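# Report on the structure
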Amino acid sequence: MLKNLLTHSLRSFKRQRAYIIINVLGLSIGITCSLLIALYVINESSYDKYNTKKDRIFRTILNGKISGQEITYATSPSIMGPTLLREFPEIEDYCRMTKNGPSVIEYKNQAFTDDHIIEADSSFFNIFSIPVLKGDPKNLLNAPHRVVLAESTAKKIFGNENPIDKAVKIGSDTVRYIVTGVMGDVPGNSHFEASMLTSFMTNPRANNPIWMNNSFSTYLLLKPNANYKSVDNKFPELINKYVGPEAEKYMGISLTDFTNKGNKYRFFLQNIQKAHLDPSIQQEFKAASDPKYLKIFGAIAVLIVLIASINFMNLSTAQAAKRAKEVGIKKLGGSTRGMLVAQFLTESFILSFSSLILALVFIKVTLPYFNNLLGASLTLDLLTNWYTIPVLLVFALVVGILSGSYPAFFLSSFNPYEVLKGSVKNSMKNGRLRRVLVVFQFTVSILLIVCTMVMYRQINYMLKKDVGFNKEQLIVIDRADAIGQKMKSFKESVKRISGVENISSSTAVPGRVNNNNGYGLEGRKDQSFLMVTNWVDYDYLDTYGMKLASGRSFSESFSTDKEACLVNESVAKKFDIADPLKARFIQPGDPKDRKYIPVIGVVKNFNFESLRNPIGPCILCFQSENFLWGYITVRLNARNYSQTINDIEKVWKDYAANTPLQYYFVDADFEKMYIQEKQNAKMAVIFSILAIFIAALGLFGLTSFTVEQRTKEIGVRKAMGSSVAGIYVEISREIVILVSVSSLIACPLIYYIAEHWLQNFYYRITLGVFSFVAGLIIALGIALITISYRILRAASVNPAQSLKYE
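Predicted model, so just to flag it, every value in this text is computed and none were measured.

The rules behind these values
- Residues numbered from 1 in each chain as written.
- Predicted model: local features only at pLDDT ≥ 70, side-chain atom pairs only at ≥ 80, totals over all residues.
- Heavy atoms only, no water.
- Helix = DSSP H or I, 4+ residues; strand = E, 2+ residues; numbered from the N terminus.
- Buried < 20%, exposed > 50% of the residue type's maximum accessible area, 1.4 Å probe, protein only.
- Contact = heavy atoms within 4.5 Å.
- Areas by Shrake-Rupley, 256 points an atom, 1.4 Å probe, with all protein chains shown as cover.
- Patch = residues over 30% accessible without salt bridge, like charges linked within 9 Å, V, L, I, M, F, W, Y side chains within 5 Å.
- Salt bridge = Lys/Arg side-chain N within 4 Å of Asp/Glu carboxyl O.
- Pairing = 2+ DSSP bridges.
- Phe/Tyr/Trp six-rings, centres within 6.5 Å; stacked < 30°, edge-to-face > 60°.
- Polar contact = N/O pair within 3.5 Å; in protein donor to acceptor, adjacent residues only side chain to side chain.
- Core = buried A, V, L, I, M, F, W, Y, C linked by side-chain atoms within 4.5 Å.
- Expected span 1.5 Å × (residues − 1).
- Arc of directions from axis to C-beta.
- pLDDT = per-residue confidence, 0-100.
- Axes fitted to C-alpha atoms, helices over the stretch in contact; angles between N-to-C directions.
- Parallel < 35°, antiparallel > 145°, perpendicular 65-115°, else oblique.
- Left-handed = near helix turned anticlockwise from the far one by under 90°.
- Nonpolar A, V, L, I, M, F, W, Y, C, P; charged D, E, K, R; others polar.

### Some points on the overall build of the protein chain
Looking only at helices and strands, the protein chain has 24 helices and 24 strands in total. Taken across its 806 residues, the protein chain has 52% of its residues classed as buried. Contacts in the protein chain between residues far apart in sequence, at least 24 positions, make up 80% of those at least 6 positions apart. Approximately 36,600 Å² of the protein chain is accessible, and the part contributed by carbon and sulfur atoms is 57%.

Below you can see the structure in the form of structure tokens.
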């Protein structure tokens, strides 16, 4: 029986080659899109699942709220891990980690720049499933100035030489590090990147006993069968025991009074498998992805497959008139309706499986581009997991049933006597379901078009918005610590370069915020105020082009300015300070050594973080000569950039001979803040184009059906004097109505989805009507272009031939 079904199906295909090509193309594109999106969603959802102990690995999260400002960071004090291991029986082990920042690695006469150096405890390899290729896992990081290299890093530095026990210089540390081991490369689907691990014990703050100094990431390995909620429930008592006394000492307020004023200070645990998909938690490692996008693109994948399946239905039913006689003859020859349904479904399955094979070829070709677009390393390994091929076959089967079920039952329902009398054609003129399906297709297409336009408008708005300073022609040099105590001389030398307008040093720069500190305010007893803190020099405001709202900037004419500060406008507004220039902030510390910081100027608000967030309170303190870390910002003029940067590099070598110059442009760095939005917008464009293309194929099918049923009518109209243009308007009118209906249905959906997405941004566009109208025009234009050839061809036929049709 199966052989007969295949034979009949193949004979049928030979008579419908054009129809088969269009169907396979549409289905294969739909399957390609859905599989690419599935790979992306699976990859994003599989972060940190390579860890064999993943269900037992948790990180500590700090959630605090001070004066209405709430922060959630994946940070904790250095003392947290040892204390939890000692006092909580649920804890088996802990590991503290912190990112070291861009550093120069020196070995013999070679120098390498590395951005992914992490300081970690010796327990790292007991917690994370990173294989140790060389060295003793228990003794790799158990002493200061030890380093473990990733396999690729070891090969880059040492080539084929054995790196064990070799000494390398890392950054500005005068003591060389001893290589104690080589580990496998950290998988790309890990929430942190590490090309090398240095011993956490090297950090001078490794044994800092202060509980309110939250600077490190702490990972906990729970014992088997331990419940993380029981650990969470013990945190309040732990905080009262250790943080309470420090709060009273440094802030002059008890924790009870602190929380009674609406503030918060708590810790909780988060499983590492959730780390990559939780953007609400700030972290120093890889930026988290927003799970909303996974849901959005998952929905797009389903919709595109539905559009492709609807195409199959429309094109199949458009061919119904040609196959009606075949069905009638087979029924008269003894074929039952069940046999015909089986034949048509078999045809559908063959096309579906053929489309799957073609889709796999498309994926093989397009995957490198897709990876480049996303900055990912997606792969489609058919043989790695036993279930991959069966899942794909089931998927193709479902698509085949979804696509072929309606045409199969529709075609097999024809009455053989009516078919042979020719009356079936009249009954087929009612294409209500096909019209509904086309409306669905274009509703989805218009939704994708408009939402993509909204995404691009928002991204363009963020890139062009005035951020409160001039980010053009600014370069930032990393590793200010390489200059050391010679910063003043270095800046003077750079200023003498003709292409340089100004230069400044600071501990942070817009887009690279690294300090959130709590302060007291004179006259506001028992109140604390959280502010982003940046230590800057005299030229910071001028270099960045920031404006003062009141007061003045730091000046060498006033020796007391070294103990003063500047604040932004948000400080006065958020903290309800009537006259900021009369205010004095208090740096937390021992009451005997309390430091008062007078405000000498108010800076107009500037965006130091992404435009997703409102501008928060910011304090600019004076950078003393003891601050040897941070950044150097250089403002260039509009002359030859490359020559100016070469001149800066020459000066840099005079002051930091063994440290390569590392710099970036501020405007380009700001664009990187929105890299996820840009990537997703590009993906949306691609899938929108493909969805519209597939929908256009479906529309072509409906037009073919319409023209086929109205061939005699067209002939009569031409014989009665109608022009080609008149016939075109008459037949295309239905399409215009269908697309217009699609637009009406899509509008409320678009408004809901776009508004929901725009809520992620504090600074955002307003929707307006432009995007909605533009989406309708684009969809209508594509629809009319699609149907024009088929209608004009039918309208140009000699009416004598049209009247002979049927």
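Next comes the rest of the account.
### Considerations on a nonpolar patch on the surface
A surface patch of nonpolar side chains, amounting to about 540 Å² of accessible area, comprises I737, V741, I745, L749, Y752 and I753. Among the structural elements, I737 can be located in helix α22 (residues 724-758).

### Examining the pairing of strand β9 (residues 167-170)
Judged from the two bridges that link them, strand β4 (residues 103-107) and β9 form a sheet pairing that is antiparallel. Each residue of the ladder has a partner; that of I105, found in β9, is I170. Bridge count for β9 against strand β10 (residues 177-183) is two bridges, and the pairing is antiparallel. Bridging across to β10, V168 finds its partner in Y177.

### Here's the deal with the pairing of strand β1 (residues 57-66)
For β1, the tally of buried residues reaches nine of 10 residues, placing the bulk of the element in the interior. As judged from the three bridges shared by β1 and strand β12 (residues 217-222), these two strands associate in the antiparallel manner. What sits directly across from I57, in β12, is L221. Summarising the sheet, β1 and strand β13 (residues 264-271) pair through eight bridges and their orientation is antiparallel.

### A look at the pattern of salt bridges
When charged atoms on two side chains of opposite charge get close, those side chains can pair. Here the structure, examined in full by the defined rule, presents 16 salt bridges. Ionic pairing is found between R56 and E92, a salt bridge with its closest N-O pair at 3.1 Å. With R56 in the loop between α2 (17-45) and β1 and E92 in strand β3 (residues 91-99), this pair connects stretches of sequence that are 36 residues apart. Judged by its relative accessible area of 32%, E92 falls in the partly exposed class. For R86, the salt bridge is made with E87, and the minimal N-O distance between the two is 3.6 Å. Relative accessible area serves as the criterion here: at 28%, E87 is assigned to the partly exposed category.

### Some points on the packing of aromatic side chains
This model, assessed by the stated rule, comprises 30 aromatic pairs. Look at F490 and Y655: their rings are 5.5 Å apart centre to centre, the planes differ by 80°, and that puts the pair in the edge-to-face class. Residue F490 is located in helix α15 (residues 487-495), and its partner Y655 is located in helix α18 (residues 641-655); the two are separated by 165 residues in the primary sequence. Across the pair, exposure class does not vary: F490 and Y655 are buried alike. When the ring of Y663 is compared with that of F665, the centres are 6.3 Å apart and the planes differ by 75°; the resulting orientation is edge-to-face. Note on Y663: relative accessible area 37%, which makes it partly exposed. Residue class for F665 comes out partly exposed when judged on its relative accessible area of 25%.

### Here's the deal with the side chain of Q458
Mapped onto the fold, Q458 is located in helix α14 (residues 432-464). Of note is the side chain of Q458, whose polar atom sits 3.0 Å from the backbone nitrogen of I765. Setting aside chain neighbours within four positions, we find Q458 in contact with W757, L758, F761, Y763, R764 and I765.

### Points about unusual backbone geometry
Positive phi, normally seen in glycine, also occurs at D165, with a value near 70°. Counting through the fold element by element, D165 comes out in the loop between α5 (151-158) and β9. Although it is not a glycine, D576 sits at a positive phi angle of roughly 55°. Positionally, D576 belongs in the loop between α17 (569-574) and β20 (584-587).

### Looking at the nonpolar core
Counting 103 residues, the largest nonpolar core has F370 and F687 as the members making the most contacts within it. Of the residues forming this core, the biggest block, 13 residues, is contributed by α14. Those residues in contact with F370, other than ones at most four positions away along the chain, are L36, Y40, L378, M683 and F687. In this structure, I66, L220, L238 and F258 belong to the second largest nonpolar core, which totals 27 residues.

### With respect to α18
A rise of 1.5 Å per residue sets the reference length of α18, with its 15 residues, at 21 Å; its end C-alpha atoms lie 21 Å apart and thus fit the reference within 8%. Three or more residues of α18 are buried, namely T644, I645, I648, V651, W652 and Y655. The buried side chains of α18 occupy one side of the element, clustering within an arc of 120° when seen end-on. Those residues of α18 that are exposed and aimed more than 90 degrees away from the buried face are K650 and D654. Of the surrounding elements, those touching the buried residues of α18 are β14 (474-477), α15, β15 (500-506), β23 (631-636) and β24 (663-665).

### Quick notes on the confidence of the model for the protein chain
A low pLDDT score tells you not to read the predicted coordinates there in detail. This prediction gives the protein chain a mean pLDDT of 81; 86% of its residues lie at or above 70. Below a pLDDT of 50 lies the segment residues 8-15, which in the model reaches 13 contacts outside its immediate sequence neighbourhood of four places, other chains included.

### A short note on the packing of helix α3 (residues 80-87) against helix α6 (residues 228-251)
The geometry of α3 relative to α6 is characterised by a closest axis approach of 13 Å and an angle of 120° between their N-to-C directions. Between α3 and α6, the angle falls in the class oblique. Note on packing geometry: the crossing formed by α3 with α6 is right-handed. Seen from α3, the contacting residues are M80, T83, L84, R86 and E87; seen from α6, they are F235, L238, K241 and Y242. Residue composition of the contact of α3 with α6, grouped by class: five nonpolar, one polar and three charged.

### Concerning the environment of L351
When you line up the elements, L351 lands in helix α10 (residues 337-374). Since its relative accessible area comes to 3%, L351 is described here as buried.

### What to know about the environment of I164
On the secondary structure map, I164 appears in the loop between α5 and β9. Placed 16 residues apart in sequence, I164 and V148 show a C-alpha to C-alpha distance of 9.1 Å.

### What about the packing of α15 against α18?
α18 packs onto α15 with a crossing angle of 155° between their chain directions and a minimal axis gap of 10 Å. If you check the angle between α15 and α18, you find them roughly antiparallel. The hand of the α15/α18 crossing is right-handed. Contacts from S489, F490, S493 and V494 of α15 reach α18 at I648, V651, W652 and Y655. Within the contact of α15 with α18, the residues separate by chemical class into six nonpolar, two polar and no charged.

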